[in-house]
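Overview (structure and organization)
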Amino acid sequence: MALKLKSVSNTYGLKVYTDSGSFFGEIDEAIIQENRIVGWRIKASPSSHLSKMISGARGAIIQHNLVRAIDDIFIISSIVTSPSEEAKEEKTQ
């Protein structure tokens, strides 16, 4: 099976979903360091899970290693949507 290559510029505006099926936002920008993609800036839309998680958020940056698949849509790990351990501790205090 041949490897499908995709230009970074073709990813802008793609819809981003978690691997559990929630709409997360849209790709706004790739973050490149030393000729490697290290992260993605995702733009929040009013109906996105990102906007619901963090009210007033305009977007978020995720690490590239959390991307599960890129084709007609982006699929990212749902770990991005789970509250951090620090946030859980703050709520209990």
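Model, not experiment: these values are computed from the prediction. (Residues numbered from 1 in each chain as written. Predicted model: local features only at pLDDT ≥ 70, side-chain atom pairs only at ≥ 80, totals over all residues. Heavy atoms only, no water.)

Within the largest apolar cluster, 14 residues are counted, with the highest numbers of intra-cluster contacts made by V16, F24, I27, W40, I62, F74 and I76. Those elements that place two or more of their residues in this core are β2 (23-33), β3 (36-43) and β6 (74-76). Dropping the residues within four chain positions of it, I27 is found in contact with T11, Y12, G13, L14, V16, W40, R41, I42 and F74. (Core = buried A, V, L, I, M, F, W, Y, C linked by side-chain atoms within 4.5 Å. Buried < 20%, exposed > 50% of the residue type's maximum accessible area, 1.4 Å probe, protein only. Helix = DSSP H or I, 4+ residues; strand = E, 2+ residues; numbered from the N terminus. Contact = heavy atoms within 4.5 Å.)

Once that is clear, we can look at the sheet that holds strand β5 (residues 67-70). Taken together, the six strands give an open sheet; going across it, the order is β4-β3-β2-β1-β6-β5, and neighbouring strands pair in mixed fashion. In the strand order of this sheet, the two ends are held by β4 (59-63) and β5, each with one partner. Strand-to-strand twist in this sheet, taken as the mean axis angle between neighbours without regard to direction, amounts to 35°. Taken together, the seven bridges between β2 and β3 define a ladder with antiparallel strand orientation. Each bridged residue has a counterpart across the sheet, and for A30 the counterpart in β3 is W40. (Pairing = 2+ DSSP bridges. Axes fitted to C-alpha atoms, helices over the stretch in contact; angles between N-to-C directions.)

Fair warning: the whole summary comes from geometry, so function is off the table for now.
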